Amino acid sequence: MIQFDKVELRYPGSPAILSDVNFAVEESSFQFITGASGAGKSSLLKLMYLGLKPSRGRLSLFGQNAATIGRDGIPALRRRIGIVFQDFRLIPHLSALDNVALPLRIAGARESAIREYVPELLEWVGLSGHFDSLPHTLSGGQQQRVAIARAVIGRPQLLLADEPTGNVDDGVAVRLLYLFEELHKMGTTVLIATHNRALVERFDHPCLNVDGGRVTRVRGQGSRRSEPRPVGAATSGGTSNPSKHRHRG
Amino acid sequence: MALIPRGDIPLSHDPSARYLPWLLGIMCYFAVLASVGAVISHQLAARWDFALGSVVTVQIPAAVTEGSDAPRLSQAERMMRQLPGILRLVRVDTSRSVELLAPWLGAELAADLPLPRLFDLHFAAPPEVDLKQFEARLGELFPGAMVEAHTQWMSHVAKLTRAVEALGLTVLALVIGASVVAVIFAVRTSVSIHREVISILHLIGARDGYIASEFQAHVLKMALRGGLVGGFLAVATLAGVAAALEPEAVDSANLIPTLLGGLPAGIVEWILIASAPVLVAFVAWIAARLSVLGALRKMNP
Ligand SMILES: Nc1ncnc2c1ncn2[C@@H]1O[C@H](COP(=O)(O)OP(=O)(O)OP(=O)(O)O)[C@@H](O)[C@H]1O
Ligand SMILES: [Mg+2]
């Protein structure tokens, strides 16, 4: 689904952030990306949603060479990708509900569908009382959950989550990871960038590490996919399936 | 269809939201006045070209037009009817002339006044006959007979009205051009104000067209609001002018003919006039789309 071939990335006027990056993300896989702060995790994700183009090398997304995807091809590609931004990037004047509804609206979904699915998902991420709240009235963790809901509402084929649990307590973090696993079970390829080692340890998924501009695999694919290791009481909420009714936007 | 703002981008708080409706309202005001001017002049010019530009008046002195002169008179009429290109000959009724003069001279005096006999010769087009020569031939029958073509001075008037019409259309074009410039300027400012929101929309898969439609709907709303006010004020102005010119005419039935210099305007002309604000709004809507798309192309998607 994603293939990096000798990819190099440099921001204008600075040395290469990433160099000689070679790895593939298989369809329907679930992977973590770890690395120290400033290592280049966000930059790596940015390449994958075409927020940046490689300075060198070849990157292919959904079987297309990123270099050949023109401006007009980008929106269609992005609709197949759900992105949780490290800085959330919620639209400040829209309520939590409208922020989450946005991908569906952009995709031209019916309002009746929006009214059905969006509140359900917001409830699932624990924001029942905040449908009409503006982002600046929400805590960091609440904003993060709005951002996650917005990323998954359209049931994307690829989910890129940048530090999606950075602002929530462990219980909520695990619960959000369950949401990602639900999506994964329905076929979404999930990539999560995080420096939360404990979380990575708790879920048994392949893991890539970014260090010194290189990306290396620290925990291989084919390791026991699927069920996470048993965790505490926080997992008990994970019985309902947040995505079972959802449609593809 | 880019008609109703969705509110994804908070455009209603932009500076342009405050001045653009006014500006477009003023533009619509001038657009309506300019199109009324153009339509009136067009009608007048067309009518005068046709009706007056091709009319020749023949005047036979009063002294010789008594009953005994009937044979000569009919011979003169025959000569007139034989002119090439003539459509019809209208004998101007002397009693009508008397009526016109009565208020000035008193009914009796007017009735006794020896009035010249007048004929209107209507031609399909401005006559090509040598009118001087025709006047000389008539002069042999009735010394002092005069043949007067309106063509020349009428063509001046027609040219003038054509010029007024062209002026009206030029003003309309300028108004539309100025609206386009104002919209382009406002939209570019808005795009840079909302750069951040636009980039989020791009990141979650919005096409440029989706973003542009938000701006279009916003501009259309402002243009229609301004156009409504501007159009209303323009009609009020016209009614005021009409009232000043002819106070008794300002009941609704007479207003329209009065506005058009006594010429009843057709429904087509009124549709043209009413469409001026709609035209301004439509042009603003298109200008908004093109300028947003242009500005977005300069941003990274
Ligand atoms: N727009 C930019 N222009 C120039 N340099 C940048 C830009 N964005 C990031 N960088 C640099 O690229 C490097 C990698 O940044 P990046 O945000 O990818 O790191 P990260 O691994 O996501 O860090 P963190 O864990 O703190 O989020 C950093 O050294 C940063 O200074
Ligand atoms: Mg980062």
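None of these values were measured; they are calculated from a predicted model.

## Side note on the overall build of chain A
- Of the regular secondary structure elements, chain A holds 7 helices and 10 strands.
- Taken across its 249 residues, chain A has 54% of its residues classed as buried.
- A total of about 10,100 Å² of accessible surface is found on chain A, and carbon and sulfur atoms cover 48% of it.

## Focus on the overall build of chain B
- The secondary structure content of chain B amounts to 10 helices and 4 strands.
- Across chain B, helices and strands are ordered from the amino to the carboxyl terminus as α-β-α-β-α-α-β-α-β-α-α-α-α-α.
- The proportion of buried residues among the 301 residues of chain B is 44%.

## Considering the sheet that holds strand 9 (residues 207–211) of chain A
All names here are of chain A.
- The sheet built from 6 strands is open, its strands ordered 6-7-8-3-9-10 with mixed pairing. Of all strands in the sheet, those with a lone pairing partner are strand 6 (81–84) and strand 10 (214–219), marking the two edges. Between one strand axis and the next, the sheet turns through 20° on average, direction left out of account.
- Where strand 6 meets strand 7 (residues 158–162), 4 bridges bridge the pair, whose relative direction is parallel. Residue pairing across strands places Ile 81 opposite Leu 158, the latter belonging to strand 7.
- Docked against the sheet, helix 1 (residues 41–48) engages strand 3 (30–35), strand 6, strand 7, strand 8 (189–193), strand 9 and strand 10, running at close to 140° with respect to strand 3.

## What to know about the interface of chain B and chain A
- Between chain B and chain A, the residue contacts involve 22 residues of the former and 20 residues of the latter.
- Around 1,900 Å² of area is buried between chain B and chain A when both sides are counted, 58% of it from carbon and sulfur atoms.
- Applying the counting criterion to the chain B and chain A interface returns 3 salt bridges.
- Residues A:Arg71 and B:Asp208 are paired through a salt bridge, measuring 3.0 Å at the closest nitrogen-oxygen approach.

## A closer look at the confidence of the model for chain B
Residue and element names in this part refer to chain B.
- Chain-level pLDDT for chain B is 81 on average; 86% of the residues reach the 70-or-more range.
- When the elements of chain B are averaged for pLDDT, helix 9 (residues 252–259) gives the smallest value, 44, and helix 7 (residues 195–203) the largest, 96.
- This model gives residues 249–264 a pLDDT under 50, and the stretch forms 25 contacts once residues within four places in sequence are excluded.
- If you check the scores for this complex, the pTM reads 0.77 and the ipTM reads 0.87.

## Observations regarding the packing of aromatic side chains
- Counted by the stated rule, this structure contains 6 aromatic pairs over all chains.
- On the numbers, 5.8 Å between centres and 65° between planes, the contact of A:Phe30 with A:Phe32 is edge-to-face.
- You can call A:Phe32 buried: its relative accessible area is 0%.
- Relative to B:Phe30, the ring of B:Tyr29 has its centre 5.5 Å away and its plane inclined at 80°; by these criteria the two rings are edge-to-face.
- B:Tyr29 gets classed as partly exposed once you look at its relative accessible area, which sits at 22%.

## Notes on empty space enclosed by the protein
All names here are of chain B.
- Using the criterion set out here, one finds 1 cavity of 30 Å³ or more in the structure.
- Considering the residues around the largest cavity, the lining is formed by Leu 11, Ser 16, Ala 186, Val 187, Ser 190, Phe 215, His 218, Val 219 and Met 222.
- Residue classes in the lining of the largest cavity are distributed as 6 nonpolar, 3 polar and no charged.

## What about the coordination of the magnesium ion (ligand 2)?
Residues and elements named next belong to chain A.
- Distances from the magnesium ion (ligand 2) to its protein donors, Ser 42 (OG) and Gln 86 (OE1), fall within 1.9 to 2.1 Å. Linking Ser 42 in helix 1 with Gln 86 in the loop between strand 6 and helix 3 (96–106), this pair joins segments that are 44 residues apart in sequence.
- For Ser 42, a relative accessible area of 27% gives the class partly exposed.
- Its relative accessible area of 40% is what places Gln 86 among the partly exposed residues.

## So, the packing of helix 5 (residues 140–152) of chain A against helix 6 (residues 170–185) of chain A
Residue and element names in this part refer to chain A.
- Interhelical geometry of helix 5 versus helix 6 gives an angle of 5° and a closest axis separation of 12 Å. Between helix 5 and helix 6, the interaxial angle falls into the category roughly parallel. Residue-level contacts link Arg 145, Ile 148 and Val 152 of helix 5 to Val 172, Leu 176, Leu 179, Phe 180 and Leu 183 of helix 6.

## A short note on helix 3 of chain A
- Extensive coverage of helix 3 of chain A is indicated by the burial of 8 of its 11 residues.
- Within two residues after helix 3 of chain A, A:Gly108 carries a phi angle of roughly 80°, on the positive side.

## A word on the packing of helix 2 (residues 70–81) of chain B against helix 5 (residues 131–141) of chain B
Residue and element names in this part refer to chain B.
- For the pair helix 2 and helix 5, the least separation of the axes is 10 Å and the interaxial angle reads 165°. Classified by the angle their axes make, helix 2 and helix 5 are roughly antiparallel. In the packing of helix 2 onto helix 5, the handedness of the crossing is right-handed. Listed contacts from helix 5 to Arg 72, Gln 75, Ala 76, Met 79 and Met 80 of helix 2 are Phe 134, Arg 137, Leu 138 and Leu 141.
- The residue inventory of the contact of helix 2 with helix 5, partitioned by class, reads 6 nonpolar, 1 polar and 2 charged.

## Section: the sheet that holds strand 5 (residues 64–65) of chain A
All names here are of chain A.
- On the basis of which strands lie adjacent, the open sheet formed by 4 strands has the order 2-1-4-5 and antiparallel pairing. At either margin of the open sheet sits one strand with a lone partner, and together these are strand 2 (16–25) and strand 5.
- Where strand 4 (residues 56–61) and strand 5 come together, 2 bridges link them in antiparallel fashion. In the sheet register, Ser 60 faces strand 5, and the bridge partner there is Asn 65.
- Seen against the sheet, helix 1 touches strand 1 (2–10), strand 2 and strand 4 and runs at an angle of roughly 120° to strand 1.

Thresholds, definitions, all that
Residues numbered from 1 in each chain as written. Chains lettered and ligands numbered in written order. Predicted model: local features only at pLDDT ≥ 70, side-chain atom pairs only at ≥ 80, totals over all residues. Heavy atoms only, no water. Helix = DSSP H or I, 4+ residues; strand = E, 2+ residues; numbered from the N terminus. Buried < 20%, exposed > 50% of the residue type's maximum accessible area, 1.4 Å probe, protein only. Areas by Shrake-Rupley, 256 points an atom, 1.4 Å probe, with all protein chains shown as cover. Pairing = 2+ DSSP bridges. Axes fitted to C-alpha atoms, helices over the stretch in contact; angles between N-to-C directions. Contact = heavy atoms within 4.5 Å. Buried area = accessible area lost by both parts, 1.4 Å probe. Salt bridge = Lys/Arg side-chain N within 4 Å of Asp/Glu carboxyl O. pLDDT = per-residue confidence, 0-100. Phe/Tyr/Trp six-rings, centres within 6.5 Å; stacked < 30°, edge-to-face > 60°. 1 Å grid on protein atoms, 1.4 Å probe; cavity = no way out; pocket = protein on both sides within 12 Å on 5 of 7 lines; lining within 4 Å. Points joined across faces, edges and corners; volume = space filled by probe spheres on them. Nonpolar A, V, L, I, M, F, W, Y, C, P; charged D, E, K, R; others polar. Donors = N, O, S within 2.8 Å, 3.2 Å for Na, K, Ca; no water. Parallel < 35°, antiparallel > 145°, perpendicular 65-115°, else oblique. Left-handed = near helix turned anticlockwise from the far one by under 90°.

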